[in-house]
Amino acid sequence: MALSLAASPCPNDTFVFHALVHGLVSGAPEVDMTFADVDVTNRAAERGEFDLVKVSYAALPWLMDKYHLLPCGGALGRGCGPLVLTRGEDRWADGDLRGATVAVPGDRTTAYLLFRLWTGWRAPARIAVVPFHEIMPGVATGQFDAGLVIHEARFTYPQYGLHSLVDLGEWWEKDTGLPIPLGAILARKGTVDPREATDWIRTSVSMAWANPDASRDFVLEHAQEMDLDVVRQHIELYVNEYTLDLGADGLAAADALLERAAAVGVIPLIEPLAV
C-alpha cells in the first residue's frame, strides 16, 4: 500500500517532495500526497491520520507519542520568520496590540507560538484562526486589525498595501542567536522506519537541488502565489541546509522554542527532542 504524506501546497514542500511523490527515489514506496494548510495537518497528525506529515514545531508536544521527528525535509532557517502585518495605523505602531483583532493561520503553529512569546502580557483582545490565504485580504479590508503571516506573504504583502509591524524571525534570532524552527517532518511510529524515511527524503531534496527544473510544473501547479520570481525566492529561502539535516543548531532551536513556551505555560513541557 502507498504511504500517505501530508504537507502544504507551498513551493518549498512541493520542491522537496517532488521526486519522492513521483516515484523517482530508488527503493522508496509509492507515496500518496495530500495538500493542506499547516493547521489542518497539525490536527490530522494528532489523530494519527498520515504516515509522513509536515507539522508545526509548536504542535510537537501533542504529537511525539505517535510520531518520530525526522532530521530532514522540514522548514528552519534565518531571515524566514513570520510577520505581523497591519494597515500602518499609528495606534499599533508601538507594537501594543491590546484591543486588536489579529488573524492567525492556526493556534498550534510556530508562527502563533512566536507571536504569543513576543506579545507577552500585551495579548490582543481577539484571535481569529482563518485559512492562510484569507489573512492579508482581511487585514487590507479592515476585517482584522492585524494579521500573522507566513510563507510567500513575506514577498507579497506590499501588494495589499500592508505594513510589517514586526518580523518575528528577526526578533527570535536577535534574542536567541538560533535559526527559526518552523515546520517539522514526522514519521508515524509502527508504520514508517524513520531511518528509511530520512534516506528517501534526503534523496528527494538532493534530486530537487540537482535538477530544479524537474519539479517546476509540480511546484507551479500547487503554488498559491504563481509569480515565478516569488516562487523562486520562496524556495531559496525555505529550502536550505537545515532541510537536508537539522544538525545541532536545528535541534537546539526547536528545543529553545518549546522550552520557552512551556516555561510561560503556553504549551506542555516535553523531553528534549532527538532524531
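In this text the structure is predicted, and so the values were computed from the model without any measurement.

Caption draft 1: A look at the side chain of Thr-243. By the secondary structure assignment, Thr-243 is in helix H10 (residues 241–244). Since its relative accessible area comes to 0%, Thr-243 is described here as buried. Setting aside residues no more than four positions away along its own chain, Thr-243 makes contact with Val-16, Cys-72, Gly-73, Gly-74, Val-205 and Tyr-238.

Caption draft 2: Fine view of the nonpolar core. Residues Tyr-57, Val-84, Leu-97 and Phe-115 are the most contacted members of the largest nonpolar core, which totals 69 residues. It is helix H11 (residues 247–263) that contributes the most residues to this core, eight residues altogether. Val-84 has contacts with Leu-97, Phe-115, Trp-118, Ala-146, Gly-147, Leu-148, His-163, Ser-164, Leu-165, Val-166 and Leu-168, leaving out every residue within four places of it along the chain. One finds Leu-3, Val-25, Val-205 and Ala-223 within the second-largest nonpolar core, a separate group that totals 29 residues.

Caption draft 3: Geometry of helix H7 (residues 194–210). Its 17 residues place the ends of H7 24 Å apart at the C-alpha level, agreeing with the 24 Å of an ideal helix rising 1.5 Å per residue. Taken as a whole, H7 has its buried residues at Ala-197, Thr-198, Trp-200, Ile-201, Ser-204, Val-205 and Ala-208. Relative to the axis of H7, the buried residues are bounded by an arc of 165° and lie together on one face. In H7, those exposed residues whose orientation departs by more than 90 degrees from the buried face are Arg-195 and Ala-210.

Caption draft 4: Quick peek at the packing of helix H1 (residues 11–21) against helix H9 (residues 228–238). Where H1 meets H9, the axes come as close as 8 Å, and the angle between the chain directions of the two elements is 70°. With respect to each other, H1 and H9 are oriented roughly perpendicular. Taken as a pair, H1 and H9 cross one another with a handedness that is right-handed. Residues Pro-11, Asn-12 and Phe-15 of H1 pack against Val-231, His-234, Ile-235 and Tyr-238 of H9.

Caption draft 5: Here's a closer look at the sheet that holds strand S6 (residues 83–86). Read from one edge to the other, the open sheet built from five strands follows the order S8-S7-S9-S6-S10, with strand pairing classed as mixed. Edge positions in the open sheet fall to strand S8 (126–129) and strand S10 (163–167), since each of these has one partner strand only. Between one strand and the next, the sheet's axes are offset by a mean angle of 25°, whatever the strand orientation. Taken together, the three bridges between S6 and strand S9 (residues 146–149) define a ladder with antiparallel strand orientation. Along S9, the bridge assignment pairs Leu-85 with Gly-147. Packed on one face of the sheet, helix H3 (residues 110–119) meets S6, strand S7 (101–104), S8, S9 and S10 and runs near 130° to S9.

Caption draft 6: Local environment of the pattern of salt bridges. Evaluation of the coordinates by the stated rule reveals 15 salt bridges. The residue Asp-229 makes a salt bridge to Arg-232 at a minimum N-O spacing of 2.4 Å. Here Asp-229 and its partner Arg-232 are both found in helix H9, three residues apart, which amounts to about one turn of the helix. On the basis of relative accessible area, Arg-232 is assigned to the partly exposed category, the value being 40%.

Caption draft 7: Region of interest: H9. Listed in full, the buried residues belonging to H9 are Val-230, Val-231, His-234, Ile-235, Leu-237 and Tyr-238. For H9, the angular spread of the buried residues around the axis is 165°, confining them to a single face. In this structure Asp-227 caps H9, since a side-chain oxygen of it lies 3.0 Å from the backbone nitrogen of Asp-229.

Caption draft 8: Looking closely at the side chain of Thr-101. Positionally, Thr-101 belongs in strand S7. Apart from the residues lying within four places of it in its own chain, the contact partners of Thr-101 are Arg-126, Phe-144, Asp-145 and Ala-146.

Caption draft 9: Region of the structure containing the packing of aromatic side chains. Evaluated as defined, the whole model comprises three aromatic pairs. Each ring, one from Phe-35 and one from Phe-218, has its centre 6.2 Å from the other, and the planes form 50°; the classification is tilted. In this pair, Phe-35 is assigned in strand S2 (residues 31–35) and Phe-218 in helix H8 (residues 216–222), connecting sequence segments 183 residues apart. Pairwise contacts between aromatic rings join Tyr-112, Phe-115 and Trp-118 into one cluster. Seen from the ring of Trp-62, Arg-108 lies directly overhead, with NZ or CZ sitting 3.9 Å from the centre. The side chain of Arg-122 reaches across the aromatic face of Trp-118, ending 5.2 Å from its centre.

Conventions adopted
Position numbers for residues count from 1 along each chain, tracking the sequence in the order it is written. In keeping with the predicted nature of the model, local features appear solely for residues at pLDDT of at least 70, side-chain atom pairs appear and are counted solely at 80 or more, and the whole-chain, interface and lining totals rest on all residues. The basis for the side-chain values is all heavy atoms of the structure; hydrogens and waters are excluded. The numbering of helices and of strands both runs from the N terminus, where a helix is a DSSP run of H or I of at least 4 residues and a strand a run of E of at least 2. The buried label applies to any residue whose accessible area, calculated with a 1.4 Å probe on protein chains only, is under 20% of its type's maximum; exposed applies above 50%, and partly exposed to all values in between. Only heavy atoms matter for contacts: two residues are in contact if any of them lie within 4.5 Å across the pair. In this description, a nonpolar core means a group of buried Ala, Val, Leu, Ile, Met, Phe, Trp, Tyr and Cys residues linked to one another through side-chain atoms lying within 4.5 Å. By this rule, a helix spans an expected 1.5 Å times one less than how many residues it contains. Arc definition: directions from the helix axis to the C-beta atoms. To get an axis, fit a line to the C-alpha atoms, keeping to the stretch in contact for a helix; angles then go from 0 to 180 degrees between the N-to-C directions. Roughly parallel covers angles under 35 degrees, roughly antiparallel covers those over 145, roughly perpendicular covers 65 to 115, and oblique covers all other angles. For any pair of crossing helices, the crossing counts as left-handed if the nearer helix is rotated counterclockwise from the farther one by less than a right angle, and right-handed if it is rotated clockwise. Should DSSP find at least two bridges between two strands, the strands are taken to pair. The salt bridge criterion pairs a side-chain nitrogen of Lys or Arg with a carboxyl oxygen of Asp or Glu, the two atoms within 4 Å. Two N or O atoms form a polar contact when they lie within 3.5 Å of each other; inside protein one atom must be a possible hydrogen donor and the other a possible acceptor, and for residues adjacent in sequence the pair counts only when both atoms belong to side chains. By convention, a stacked pair of Phe, Tyr or Trp rings (six-membered ring in the case of Trp) has centres within 6.5 Å and planes under 30 degrees apart, an edge-to-face pair has planes over 60 apart, and any other such pair is tilted. Distance and angle both matter: a charge sits over a ring if NZ of Lys or CZ of Arg is within 6 Å of the ring centre and within 35 degrees of the ring normal.

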